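Spelled out from the first residue to the last, the chains are:
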Protein chains: 2
Amino acid sequence: MRKLKHWGWGYADEQPGLDQLRETAGFLRAHLGFGWEEPEQPAPLPRLRPARLRPPDGLAAICSLDDEVRARHSYGRSYRDVVRGFRGQYESVTDVVARPGDERELEAVLEWAIGAGAIVIPYGGGTSVVGGVEAPLDAGAVVTIDMGRMDRVLEADDVSLSARIQAGASGPRLEEQLAAHGLTLRHYPQSFTFQTLGGAIATRAGGHFATRQTHIDDFVESVRALTPSGWWESRRLPGSGAGISPDRLLLGSEGTLGVISEAWMRVMRRPSHRASATVRFSRWWDGVAAARAVVQSGLTPANCRLIDADEARLTFAGDGSAALLLLAFESDSLEVEELLGQALTFCDAGEVSERRRAGDRGEAAESWRESFTRAPYLRDTFVAVGVISETFESAITWERFPAFHERVIEWTRAAVVSACGDGSVTCRLTHVYPNGCAPYFTVLAPARRGEELEQWEAVKRAASDAVIESGGTITHHHAVGRDHRPWYDRQRPDVFAQALAAAKRAVDPAGSLNPGVLIDAGGGGGGGVSSSS
Amino acid sequence: MRKLKHWGWGYADEQPGLDQLRETAGFLRAHLGFGWEEPEQPAPLPRLRPARLRPPDGLAAICSLDDEVRARHSYGRSYRDVVRGFRGQYESVTDVVARPGDERELEAVLEWAIGAGAIVIPYGGGTSVVGGVEAPLDAGAVVTIDMGRMDRVLEADDVSLSARIQAGASGPRLEEQLAAHGLTLRHYPQSFTFQTLGGAIATRAGGHFATRQTHIDDFVESVRALTPSGWWESRRLPGSGAGISPDRLLLGSEGTLGVISEAWMRVMRRPSHRASATVRFSRWWDGVAAARAVVQSGLTPANCRLIDADEARLTFAGDGSAALLLLAFESDSLEVEELLGQALTFCDAGEVSERRRAGDRGEAAESWRESFTRAPYLRDTFVAVGVISETFESAITWERFPAFHERVIEWTRAAVVSACGDGSVTCRLTHVYPNGCAPYFTVLAPARRGEELEQWEAVKRAASDAVIESGGTITHHHAVGRDHRPWYDRQRPDVFAQALAAAKRAVDPAGSLNPGVLIDAGGGGGGGVSSSS
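Predicted model only: the values in this text are computed from it and were never measured. (Residues numbered from 1 in each chain as written. Chains lettered and ligands numbered in written order. Predicted model: local features only at pLDDT ≥ 70, side-chain atom pairs only at ≥ 80, totals over all residues.)

1. Regarding the overall build of chain A
- When its secondary structure is counted, chain A shows 16 helices and 19 strands.
- Taken against the 2.2 N^0.38 rule, which gives 24 Å for 533 residues, the C-alpha radius of gyration of chain A at 23 Å falls within 12% of a compact globule.
- Counting all 533 residues of chain A, 61% fall into the buried class.
- Sequence separation of 24 or more characterises 71% of the internal contacts of chain A that already satisfy a separation of 6 or more. (Helix = DSSP H or I, 4+ residues; strand = E, 2+ residues; numbered from the N terminus. Rg over C-alpha atoms; globule rule 2.2 N^0.38 Å. Buried ≥ 20, exposed ≤ 12 C-beta atoms within 10 Å, placed from the backbone. Contact = placed C-beta atoms within 7 Å.)

Printed below as a string of structure tokens:
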């Protein structure tokens, strides 16, 4: 079996050697204007604190106490996580990694862990960028439940275009099994290769589609999850108005209510018709207006992503003189050329630079897509060559977007200059709605060796403050985890947090599941005093 | 001000006189084969039990203890409700009807009512068909909060296509205000004339669109509600993945968590392009296959409703020889003729009987639409002439729909024959999804004077058992209320009900809000023992 890196993205055999890193470092210095000449090598795995609990004999075969396995499961894959892993800093570390192969084993693991007073962290692909799979520092014993062995498509129903899929199936695993039935989920987050279905549902991940069905939420038909109080399973229904949706209470629960075991998902036939175009806008706001007009017309392109000129240059998608709008339509049964044509009628202020049918996607789109899925790999390299590289994202209604964009860029750039001396903050729109958009910001800046975490923390704080004070959400599709909590707590209604905390206490009375992520079960915030605001 | 009927649908001046009722009775007997020759007249309003509490002086001006007002607010408008009101049977009656004009008054009313130990029933248009606004028989004092005075569109944002609308705005009220901005919500349930935005959100009402955006849920941008623990208000966001959606916990809460005060809604520009067609299918299942193929192709017609041959005949939409599929597309900016053409390519097994552009909608569609919005009025007449007339609805995935349809029709017809001796059970699809459909059943049967409630109860019990045992939902868009509780309790996950009950206790510690609707705050069902099922 291929070995995964314990500290970074993907497989160990994909990590470039020192010569290659030196070459990349030189290239990046020329392209970005910063980065170290001499790359740093990842620290060897340190000896971890001994595990504070041991599984009973009956579970030993599916549990690991191995240092490499524990280290790999102790952090997600944010910039902060990679820097810490790269340097061998493991303050917070899980004690046991359990890998159940079926629901009986899942039940046995959860029962044992809760009985032993351990904290339980449900774990999909470990691709969290918000501290979603990391134990709190003051935690007692920690058991991570890695769902990766439960990775099968159990049923595929091509009459109702639905499939029953186990939670631990990664993107490639579930797509390869669905492909055998001519079906596809088409949920392609940047973490596609490693993220799992259960993780996507627990975190309300954003996927392939830039319009209409932007989050995994829209593809969920029913969910089955194991909670400390028993199984929580909804009916398979195409739609329902029977009270509050039980699925919507699991969607976004981030491992605090239960461990998702499987879900019936809405799938589709593989698209055979495709049409795409790239439109250059010399003015960013013309591109924004075009994206808004397209989505407000009622068209629902699969791709409607706008990249600002600087980001296009930095990612080699463009030359930096224009923002790029990537438009694509796809269908298994309808001609889509005409839809693309209709979308382009809203792009008069731009210039169509590429237009392609079917599989032939156009250079800019191809280059961007390549950089999209390679980005997590590249980040490991950035860490090694002294480039701070991280993203943050939000959503805001259209009429507030100009002020939002101005403030977020301004505050974040100021923090970048102050903390790093140099660097860039660029923006793209990843998803668009009739009533607003989801802007996604990328920061690239020079790192000072050993001070990266403080540098990034200062930038992230400024960016998050700007996002929340401008009326946005602290995350459109990256989840809350531990890292976003201070800002999330300013965003969500206090009374709602009280309701949620009570729901968690009812389902998870010992507070075992992912404590501190999303909510504090003890209280949940606000005073609850009746007052008009 | 026009006087509303206290016992039935709409305005008192619309109730037909005795001569007209006799004429209708004769017509219906000829058409249906049953119904009384001599119509019954509605009973005069009886003297109600005296109110068990009185508002303080400061609230007297916005509270009513009047018998007519109390009677009108004590029941919804199901068949059972209308029969009881028609006969003057008011066992369960509210004590005080409060009509706050702004949020300060709403706060004062709620504080007083809870302080006085009363049960509080949030009330929109009172159009519930599931016992959603009726007090439990064993209740103490009851205060109904009628939101009808809070009926304004407070802001309209045509950049983001959003509007801030007060919860008490009825369909016509909010549409007339939005029309001044060239905007429309396009939420047209059958109860359009009287239902309110707040009621629609609280009950997850189904609306205008047969595909894609079927429930009011999809139009909610943010909600503001007053709970006994304070205000619950979410941010205006076009999309978010920040934890569990706070709005989705209010959507479908059916007045058990708070009183919705206002909401930011996604609105749209008024459609200027329309195209529609009616397709006749001599075989029902060919029509079902066509509807499925249309929606699975990715097309999202505004209307995609299939009416079975019997229902078409009974509603004068057809001659009874064919099922009718009504297809319509609409847009404010795109040509829709071609989309209709694409949809019709999936209808080869049928015969296009009408095809119209723009405002010209086609006879069958027009006739059906007319009968759609007149149905609630007609039901009052049915009660007077001895015809049991009621509907029930569900949703099911496509692959289970044939067995579902067969069992539901069979069990319901058997109950109709057994309880009524004669009658019809017909079906239409009101909403369709790529993974399933929402079938809607209509029962017409001869009533025995004074025994209608028992007759209908027997039919409803058989129908609901069939729906639940065949894997459907007890409601796709009529809500749970009190009437659906026994079946809803078999449908929703037990652990979810525990979570919800705990959330309610946290937000509404005295259990004041609509007790018994949707959940029992005391427990919420299931054992919660960990077991695999």
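2. Points about the relation of the copies chain B and chain A
- Between chain B and chain A, the superposition needs a rotation of 180° and an axial shift of 0.0 Å, giving an RMSD of 0.0 Å. Taken together, the rotation angle and the small translation identify this as a two-fold axis.
- A high fraction, 99%, of the interface residues of chain B reappear at the interface in chain A, so the copies pair face to face through one surface. (Least-squares fit on C-alpha atoms with pLDDT ≥ 70 in both.)

3. Description of helix α16 (residues 494-507) of chain B
- Compared with an ideal rise of 1.5 Å per residue, which puts 14 residues at 20 Å, α16 of chain B spans 20 Å between its outermost C-alpha atoms and is within 8% of the ideal.
- Counting buried positions over the 14 residues of α16 of chain B gives 13, a clear majority of the element. (Expected span 1.5 Å × (residues − 1).)

4. Considering helix α5 (residues 103-115) of chain B
Residues and elements named next belong to chain B.
- Over its 13 residues, α5 extends 18 Å from the first C-alpha to the last, a length consistent with the 18 Å expected when each residue adds 1.5 Å.
- Each element contacted by the buried residues of α5 is listed here: α2 (57-60), β2 (96-98), β3 (119-123), β4 (142-146), β8 (220-227) and β10 (259-266).
- Backbone geometry just downstream of α5 places G117 in the positive-phi region, at approximately 75°.

5. Describing the environment of P189 of chain B
Residues and elements named next belong to chain B.
- With respect to the element layout, P189 can be found in the loop between β7 (183-184) and α7 (197-203).
- With 46 residues separating them along the chain, P189 and R235 place their C-alpha atoms 27 Å apart.
- With residues up to four places along the chain from it excluded, the contact list for P189 reads Q195, A205, G206 and G207.

6. A short note on the pairing of strand β16 (residues 387-393) of chain B
Residue and element names in this part refer to chain B.
- Among the seven residues of β16, six are classified as buried, and the element is accordingly described as predominantly covered.
- Judged from the seven bridges that link them, β16 and strand β19 (residues 436-446) form a sheet pairing that is antiparallel. When the bridges of β19 are listed, E393 appears paired with Y440. (Pairing = 2+ DSSP bridges.)

7. Concerning unusual backbone geometry
- For R212 of chain A, which is not glycine, the phi torsion reads 65° and is therefore positive.
- Mapping R212 of chain A onto the fold places it in the loop between α7 (197-203) and β8 (220-227).

8. Brief notes about the sheet that holds strand β5 (residues 153-157) of chain A
All names here are of chain A.
- What the five strands build is an open sheet, ordered β5-β6-β10-β8-β9; its pairing is antiparallel. Each of the sheet's edge strands pairs with one partner strand only, and the pair in question is β5 and β9 (230-233). Within this sheet the neighbouring strands show an average axis-to-axis angle of 10°, counted without direction.
- For β8 and β9, the ladder comprises four bridges, and the chain directions are antiparallel. Bridge pairing in β9 places T227 opposite G230.
- Against the sheet, helix α6 (residues 171-179) makes contact with β5 and β6 (162-166), and its axis sits at roughly 45° relative to β5, the strand it touches most. (Axes fitted to C-alpha atoms, helices over the stretch in contact; angles between N-to-C directions.)

9. As for the pairing of strand β18 (residues 424-433) of chain B
Residue and element names in this part refer to chain B.
- Across the 10 residues of β18, nine count as buried, placing the element largely inside the fold.
- Pairing geometry for strand β13 (residues 303-307) and β18, over two bridges, is antiparallel. From the neighbouring strand, L306 faces β18, where its bridge partner is L429.
- Across nine bridges, β18 lies against β19 in antiparallel orientation. Pairing of R428 across the sheet is with Y440, part of β19.
- Here β18 hands over to β19 after two residues, the two strands then running antiparallel side by side.

10. Some thoughts on the domain arrangement of chain A
All names here are of chain A.
- Considered domain by domain, chain A is made up of domain 1 (46-146), domain 2 (153-269), domain 3 (272-370) and domain 4 (492-533).
- A straight line from the C-alpha centre of domain 1 to that of domain 2 covers 24 Å.
- Contact residues are listed per partner, giving 12 residues for domain 1 and 17 residues for domain 2.
- Every element with two or more residues in the side of domain 1 that touches domain 2 is listed here: α5 (103-115) and β3 (119-123).
- For the side of domain 1 that touches domain 2, the element with the most residues is α5, which contributes five residues.
- Residue composition of the side of domain 1 that touches domain 2, grouped by class: six nonpolar, four polar and two charged. (Domains from an automatic or database assignment. Nonpolar A, V, L, I, M, F, W, Y, C, P; charged D, E, K, R; others polar.)

11. Concerning the sheet that holds β3 of chain B
Residue and element names in this part refer to chain B.
- The strand order across the open sheet built from four strands is β1-β2-β4-β3, with neighbouring strands paired in mixed fashion. Each edge of the open sheet is held by one strand with a lone partner, namely β1 (63-64) and β3.
- Pairing of β2 with β4, which is carried by three bridges, proceeds in the parallel orientation. Each residue of the ladder has a partner; that of V97, found in β4, is T144.
- Against the sheet, helix α3 (residues 67-74) engages β1, β2, β3 and β4, with an angle of about 80° to β2.
- Contacting β2, β3 and β4, α5 crosses the sheet at an angle of about 150° to β3.

12. Details of the packing of helix α16 (residues 494-507) of chain A against α16 of chain B
- Two numbers describe how α16 of chain A lies on α16 of chain B: the axes approach to 7 Å, and their chain directions differ by 135°. What the angle tells us is that α16 of chain A and α16 of chain B run oblique. At the point where α16 of chain A passes α16 of chain B, the crossing takes the right-handed sense. Two secondary-structure elements touch here, α16 of chain A through V495, Q498, A499, L500, A502, A503, R505, A506 and V507 of chain A and α16 of chain B through V495, Q498, A499, L500, A502, A503, R505, A506 and V507 of chain B.
- Per-class residue counts for the contact of α16 of chain A with α16 of chain B are 14 nonpolar, two polar and two charged. (Parallel < 35°, antiparallel > 145°, perpendicular 65-115°, else oblique. Left-handed = near helix turned anticlockwise from the far one by under 90°.)

13. A word on the packing of helix α13 (residues 401-420) of chain B against helix α14 (residues 452-469) of chain B
All names here are of chain B.
- Relative orientation of the contacting elements α13 and α14 amounts to 165°, with a least axis distance of 8 Å. When the axes of α13 and α14 are compared, the pair comes out roughly antiparallel. Pair α13 / α14 crosses with right-handed handedness. Residues R407, V408, W411, T412, A414, A415, V416, A419 and C420 of α13 pack against Q455, A458, V459, A462, A463, D465, A466 and V467 of α14.

14. Points about the environment of D508 of chain A
Residue and element names in this part refer to chain A.
- For D508, the location among the structural elements is in the segment after α16.
- Residue class for D508 comes out buried when judged on the 22 C-beta atoms lying within 10 Å of it.
- Residues D508 and L257, spaced 251 residues apart in sequence, show a C-alpha to C-alpha distance of 6.6 Å.
- Apart from the residues within four sequence positions on either side, D508 is in contact with T227, P228, L257 and L513.

15. Let's talk about the interface of chain B and chain A
- Between chain B and chain A, the contact holds 90 residues from the first and 89 residues from the second.
- With 10 residues, the single largest contributor to the side of chain B that touches chain A is α16 of chain B.
- Counted by class, the side of chain B that touches chain A contains 33 nonpolar, 40 polar and 17 charged residues.

16. A few points about the environment of S253 of chain A
- Assignment of secondary structure puts S253 of chain A in the loop between α8 (246-250) and β10 (259-266).
- On the basis of neighbour counts, which here come to 31 C-beta atoms within 10 Å, the residue S253 of chain A falls in the buried class.
- Once the C-alpha coordinates of S253 of chain A and I201 of chain A are considered, the two residues, 52 residues apart in sequence, prove to be 8.5 Å apart.
- In contact with S253 of chain A, not counting residues within four places along its chain, are A202 of chain A together with I244 of chain B.

17. Thoughts on the confidence of the model for chain A
- The pLDDT averaged across chain A works out to 94; a share of 95% of its residues lies at or above 70.
- Note on the complex model: pTM 0.96, ipTM 0.95. (pLDDT = per-residue confidence, 0-100.)

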